[in-house]
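Residues per chain are reported as follows:
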Amino acid sequence: MSGPTIVVGTIGSDAHVIGVTLLEHALREAGFEVRNLGAQTPAEEFAAAADEVDANAVLVSSLYGHAEQDCEGLHETLAEVSADPVTYIGGNLAVGQTEFETVRRRFREMGFDRVFESETDIDAVVEVLRTEFGTDEQVSQPVTRVSS
Amino acid sequence: MSGPTIVVGTIGSDAHVIGVTLLEHALREAGFEVRNLGAQTPAEEFAAAADEVDANAVLVSSLYGHAEQDCEGLHETLAEVSADPVTYIGGNLAVGQTEFETVRRRFREMGFDRVFESETDIDAVVEVLRTEFGTDEQVSQPVTRVSS
Amino acid sequence: MVRDVTLSEAELRRIDQKVWDRYPGGDPAEFRDAVDFHESLPAEKQFARVLEGAEDVLTQPRAGVPLLDDQIELLDTLVRDGNADLLPTTIDSYTRDNAYEEAREGLNRSRETGTDELNGFPAVNHGVERCQRLIEATDAPVQVRHGTPDARLLAAVTLAGGFQSFEGGPITYNLPYTSKYDLAETIEYWQYVDRLAGAYTEQGIRINREPFGPLTGTLVPPSISIAICLIEGLLAATQGVRSITLGYGQVGNLVQDVAAIRAMEALGREFLPREVTVTTVFHQWMGGFPRDEARAHGVIGLGSVTAAMAEPDKIITKSPQEARGVPTAEANAAGLRETDQLLRMLEDQDIVLDGVDREQELIERSVRSLIGAVQDAGNGDIARGTVRAFDRGLLDVPFPPSEAAAGDVLPARDDDGRVRLLKSGELAIPDDVVETHQARLEERAVAEGRDPSFRMVADDVSAISNGRLVGRPEEN
Amino acid sequence: MVRDVTLSEAELRRIDQKVWDRYPGGDPAEFRDAVDFHESLPAEKQFARVLEGAEDVLTQPRAGVPLLDDQIELLDTLVRDGNADLLPTTIDSYTRDNAYEEAREGLNRSRETGTDELNGFPAVNHGVERCQRLIEATDAPVQVRHGTPDARLLAAVTLAGGFQSFEGGPITYNLPYTSKYDLAETIEYWQYVDRLAGAYTEQGIRINREPFGPLTGTLVPPSISIAICLIEGLLAATQGVRSITLGYGQVGNLVQDVAAIRAMEALGREFLPREVTVTTVFHQWMGGFPRDEARAHGVIGLGSVTAAMAEPDKIITKSPQEARGVPTAEANAAGLRETDQLLRMLEDQDIVLDGVDREQELIERSVRSLIGAVQDAGNGDIARGTVRAFDRGLLDVPFPPSEAAAGDVLPARDDDGRVRLLKSGELAIPDDVVETHQARLEERAVAEGRDPSFRMVADDVSAISNGRLVGRPEEN
Ligand code: B12
Ligand code: B12
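Since the model is a prediction, treat every value here as computed from it, not as a measurement. (Residues numbered from 1 in each chain as written. Chains lettered and ligands numbered in written order. Predicted model: local features only at pLDDT ≥ 70, side-chain atom pairs only at ≥ 80, totals over all residues. Heavy atoms only, no water.)

Caption draft 1: Here's a closer look at the interface of chain C and chain D. Taken together, the 39 residues of chain C in the interface contact 39 residues of chain D. Buried surface at the junction of chain C and chain D, both sides included, amounts to about 3,600 Å², of which 53% is carbon and sulfur. Summed over the shared surface of chain C and chain D, the number is eight salt bridges. Scanning the region where chain C abuts chain D turns up 20 residue pairs in polar contact (both at pLDDT 80 or more). Among the secondary structure elements, those contributing two or more residues to the side of chain C that touches chain D are α12 (293–310) and α13 (329–346) of chain C. In terms of residue count, α13 of chain C provides more of the side of chain C that touches chain D than any other element does, nine residues in total. Residues that form the side of chain C that touches chain D fall into these classes: 17 nonpolar, eight polar and 14 charged. (Contact = heavy atoms within 4.5 Å. Buried area = accessible area lost by both parts, 1.4 Å probe. Salt bridge = Lys/Arg side-chain N within 4 Å of Asp/Glu carboxyl O. Polar contact = N/O pair within 3.5 Å; in protein donor to acceptor, adjacent residues only side chain to side chain. Helix = DSSP H or I, 4+ residues; strand = E, 2+ residues; numbered from the N terminus. Nonpolar A, V, L, I, M, F, W, Y, C, P; charged D, E, K, R; others polar.)

Have a look at this one:
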């Protein structure tokens, strides 16, 4: 049984990957198929990957303050491929000390379906995605034990 | 050889005496004659003491926020006695987070010759008093050794 | 002369009547009704129970404003934005001076102008019922914090009003707070307060009592704080109090502070009767704060780290606005959050400091000697002994505004930043301890190339607000 | 393949030429002129001299803005309002990506709009002369701080521009900062940087070099940080660098942090050639911060207390706005002042923690084993060994954005909050150390009633920003 497919990655020249690393694991645990593009991913690669895995959702992360520039053209490129994923963005999107509501509006205008504050915790993201795709607790797999 | 005479004390119901205790010692060391009235001294007692020792200066301390009420009538009572001391006030005079310039103006209007911020350090007070009375470093006595 | 004996039922009733006579609210509260109210409180509002049952260090701020609704709102903010575990209600200065007429005026003016015309909550003027409303409206146990030498009516009203903890004592709310009372006088007043707490205790309402350990807040040697808290604990126990929180104010030296808390816990168990449950409270630095808020955060941080290591039962927090005036609710909550962050980051860590034992031993021997001197001075009666010991300077406090203490002791920091006795006057601590203190101060004096003098004391008093612990002479 | 040998005079000159070819400022700087400029600097601006000669822990913030005058003003504020001992100039992201065209645009736009259109100081575009003006205008030694994998031109320009310290290295400015470079590539680039620093050193201008010890800032086991810093130190020493500052980022456990600094000092002396002067830098917590400023003050406080105990040569401070974005100058100065307050309140105190030796021994043995593995993998050549060791996962880093590290290690905190290896992959640390780590994590797992899993790691990563050190499961 395999759940909806999700592409995650950090966009632009941003190398902050801790957030997407946690997201990747949490989403896998919750039963989603995940493709993690990692750090410094160009907008086009998000589209290419979404196309390749026929993604249900694309989750873009940006921490270093240039999300706005880096996401230019992302939704246009996505429109060209056959997959039609919902798009989320999260991380540290504000430049300086901008109000979050202003930030949210800006990214909604750019085409993102959902915009997340940097306080967002992982369980909340998982919850939203479950609601989005009508999957419920059942898909969730047991926590896998890690040992070296 | 004895220097100018100074009355110090904490006014009103205020029991904060650390500041005046340090002032008392520092002024003594600097060669002044000091009468310390201690804590919770009514305005009238400042006048009475000034009269008694024929004070050159009266230093009023207030930390707990009620300086304005407590000093009402102080200068009037002082005017009635024969001594004619300069009057200083210092400590924590602002109520809440008032600008210091406003506070200074208020206390100047009440008759104080000088108004000091709470950051004032003791050496600065000694310096000002020396200038006030034209006494110089010479009056200063050696630091007395304390032992139990 | 005052003696350390339990007030009789009759005496209690007699004083009670006299005390309630001054109650501006009219009829005295019925003791039975008060007990009923206390009994109606859920477990999470029972002060002694919450405090004594806690696993982690509990946090508690200071806070008080004149109007009831504002006070409820303020306490709410401190729980919501500050995670406070225990709540305070700080009483205004007029009430502390028993000036209920002025307190009423201030209260009325506050109602009219909508600004705070008093620096605390005038609980006596609000009266029993409104106190009960405060207790009902808040979500955590609430303590009365004040500084009132004659706190009889305040205690009668607030205990009937549902408060289950009452700070202060005959020494700790006299010597640092006023110049107007004899010790014999305040001991008598507080015997009533303690007996009243004892009466509630006998009805199953364990009122918590907390001596104000920090005293003048300024370089108080640990042994003095602890000895005085123990004496107040003993006096309270005689009157039937069964929940006592011994208090101590941070001096800023980690080893000395941890040693002091440990000593206080150990001596509390040793000196107080078995039926008393002893807890401890650690106050973040009570002396002069830096005016700069960032630096004040540093001072609060050190207090929190110390508490995490010493593990007292609770910590009283300061705000970054301490040097400026009464803090805003937001600043008060900020102090709580910083404290909470540090306590929780350190709570899992097992941290053992070297040298605590040695310092603790010094403190314990000094305390035993001080208490012994008090007992001797009173021929076995601790109340009488207290009056006499202070009179002779056998027990003393640095920088007292009051003449009830000799004020002959002068503290200074040694080269490591520990508080030592530069002048010990007649203080009844063992000779070898005095010598150790002197030797440590000599070491510092040599290091600084100057004699131990009042200038050193003055430098130390101002050091923390100037950005350091030890008041070294300026470097050239 | 890359080898750990000193670049020859000829090679240096050849690369130099290639590097300066990309200089937007026109002609390359004359080495002799650059040396003259350095020689004109007073003692208090000589980075290595100030750092190595200091008695107390020195403070240094991070800070960089696009325009020269603004940068001068910013550094001024940090000295005046923050008491900073050492200054930074943080470089913008375009320059780190060697995108000098974009940096120029950002610089021009900043000039036109008067707002900061770059997140740092574009030193290459400013050019040698304007760098010299910066150095002349400031009152303390200034270091270049960045995160540039290929920092050759940046080094050439800034060293000629009078900076006397340059952060980074082939591993520490590759693995955490980018996904685009091989290690062999960055080692080659940094051999040039180090050789250049060496060339200055030979002229009597001792350029300080500082590996970026915190790596990804997130639960990095001390042994990994230290081993990597030592390798970068060895590589730099080969090229003639004589002043090396080993770096380490706070993990938040007091004992482990003190042990790590001690181990780093001891191993630095042991592994680096005698002619190198080794100093240490401690970074306040480099992982996710609480958004709330009061809580952030708590985190900064713990870092400062730790530094006061561990006594590194310098501390890099954070600001209370860390979680929000690049801090204002005022917030940056606030972080410095809080740190200063705590360092100075603790500097006179002699604080010895129990259990540091045991933890230090664990760290030291792991580091020796890691370095041994690198040496073996390179048949005695540390450069080649580094490439191979990372390739095989013998040396590894948690959470690398780069594929140049295996990324097979996974850290988690034990029950005491110390960072341990939950997954150690192929990491070349002794078996018994791995077992100790596993056993400690099992203890925690038992205490929490759950298996050690990635969920535990995730909880730990977010714990400090959520108000605690260890990411325990919610209590019910
Ligand atoms: C760790 C860290 C680093 C590490 C990164 C290691 C790595 N490769 O990942 C290092 C030290 C290398 C680093 C480097 C830099 N950093 Co950095 N860094 C941080 C720090 C301290 C923590 C970030 C973090 O890992 N948080 C923990 C994770 C779990 O949280 P998170 O990423 O926010 O993700 C959570 C949620 O936001 C959510 N989420 C994240 N993405 C998404 C996406 C979607 C769709 C959803 C739904 C949710 C979601 O999921 C997570 C759930 O918990 C932050 C400040 C802070 N937050 O405290 C600065 C910070 C992000 N860094 C910053 C900067 C400027 C840099 C540098 C440019 C500076 C420099 N001087 O070197 C470089 C950039 C290098 C580059 N090319 O990107 C700035 C950004 C400024 C801004 N935005 O205005 C910050 C805010 C620090 C500051 N105050 O200046 N950094
Ligand atoms: C120590 C202290 C106490 C001790 C006092 C012990 C004692 N008997 O002296 C104790 C704990 C008992 C105490 C009690 C109270 N305190 Co108190 N206390 C302080 C504290 C922390 C330090 C004061 C101090 O000793 N500073 C060190 C000395 C050396 O500095 P200083 O007094 O400012 O004096 C220097 C200069 O100002 C100057 N100076 C002083 N006077 C004068 C006069 C002249 C003419 C000149 C030239 C210079 C000068 O000389 C000194 C040189 O260094 C301050 C906050 C702070 N500043 O950090 C609060 C503070 C003053 N207290 C305060 C309050 C409210 C109280 C209480 C009402 C509260 C309570 N809940 O109990 C009671 C009051 C009791 C009473 N009747 O007065 C408030 C005042 C609020 C306001 N002004 O708006 C403060 C600001 C704390 C706060 N943020 O709420 N306090």
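Still more to cover.
Caption draft 2: Inspection of the interface of chain C and chain B at higher detail. In this assembly, 34 residues from chain C lie in contact with 25 residues from chain B. Here chain C and chain B share an interface that buries about 2,400 Å² over both sides, 50% of which is from carbon and sulfur atoms. Of all residues in chain C, the largest losses of buried area upon contact with chain B belong to R291, F454 and R455 of chain C, amounting jointly to 24% of the total for that side. Linking chain C with chain B are three salt bridges, by the criterion used here. R291 of chain C serves as the salt-bridge partner of E119 of chain B, at 2.8 Å between the closest nitrogen and oxygen. On the surface where chain C and chain B come into contact, there are seven residue pairs in polar contact (both at pLDDT 80 or more).

Caption draft 3: Fine view of the sheet that holds strand β5 (residues 114–115) of chain A. Residues and elements named next belong to chain A. Taken together, the five strands give an open sheet; going across it, the order is β2-β1-β3-β4-β5, and neighbouring strands pair in parallel fashion. The outermost strands of the open sheet, each flanked by one partner alone, are β2 (33–36) and β5. Sheet topology note: the strand β4 (residues 86–91)/β5 ladder contains two bridges and is parallel. Within the sheet, the bridge partner assigned to Y88 lies in β5 and is R114. Along the sheet face, helix α6 (residues 122–133) touches β1 (5–10), β3 (57–62), β4 and β5 and points at about 170° away from the line of β4. (Pairing = 2+ DSSP bridges. Axes fitted to C-alpha atoms, helices over the stretch in contact; angles between N-to-C directions.)

Caption draft 4: Highlighting helix α10 (residues 222–238) of chain D. Residues and elements named next belong to chain D. The end-to-end C-alpha separation of α10 is 24 Å, in line with the 24 Å expected for 17 residues at 1.5 Å each. Of all the 17 residues making up α10, 16 are buried; the element is thus mostly covered by neighbouring parts of the structure. In the stretch just after α10, G240 is the one whose phi turns positive, near 100°. (Expected span 1.5 Å × (residues − 1). Buried < 20%, exposed > 50% of the residue type's maximum accessible area, 1.4 Å probe, protein only.)

Caption draft 5: Quick peek at the confidence of the model for chain C. Averaged over every residue, the pLDDT of chain C is 97; the share at 70 or more is 100%. The ipTM assigned to the predicted complex is 0.95, against a pTM of 0.96. (pLDDT = per-residue confidence, 0-100.)

Caption draft 6: Local environment of the relation of the copies chain C and chain D. Rotating chain C by 180° and moving it 0.0 Å along the rotation axis overlays it on chain D with an RMSD of 0.0 Å. Both copies of the chain, as the preceding transformation shows, are related through a two-fold rotation axis. No C-alpha of chain C approaches the rotation axis more nearly than that of L353 of chain C, which lies at 2.4 Å. By residue overlap, the copies meet face to face through one surface: 100% of the interface positions of chain C are interface positions in chain D. (Least-squares fit on C-alpha atoms with pLDDT ≥ 70 in both.)

Caption draft 7: Local environment of the confidence of the model for chain A. The pLDDT averaged across chain A works out to 88; a share of 88% of its residues lies at or above 70. The model gives residues 138–148 of chain A a pLDDT under 50, and that stretch makes 28 contacts with residues more than four places away or in other chains.

Caption draft 8: Geometry of the site of ligand 1. In the region of ligand 1, 43 residues are neighbours, and A15 and H16 of chain A together with R96, E322 and G325 of chain D sit closest. One chain alone does not account for the residues near ligand 1; they come from chains A and D. Contacts to ligand 1 include D14 of chain A, whose side-chain N or O atom sits 3.3 Å from an oxygen atom. Put simply, the parts of the chain that give the shell around ligand 1 at least two residues each are α1 (18–29), β3, β4 and α6 of chain A. Along the lines of polarity and charge, the residues of the shell around ligand 1 split into 24 nonpolar, 16 polar and three charged. (Near = heavy atom within 4 Å.)

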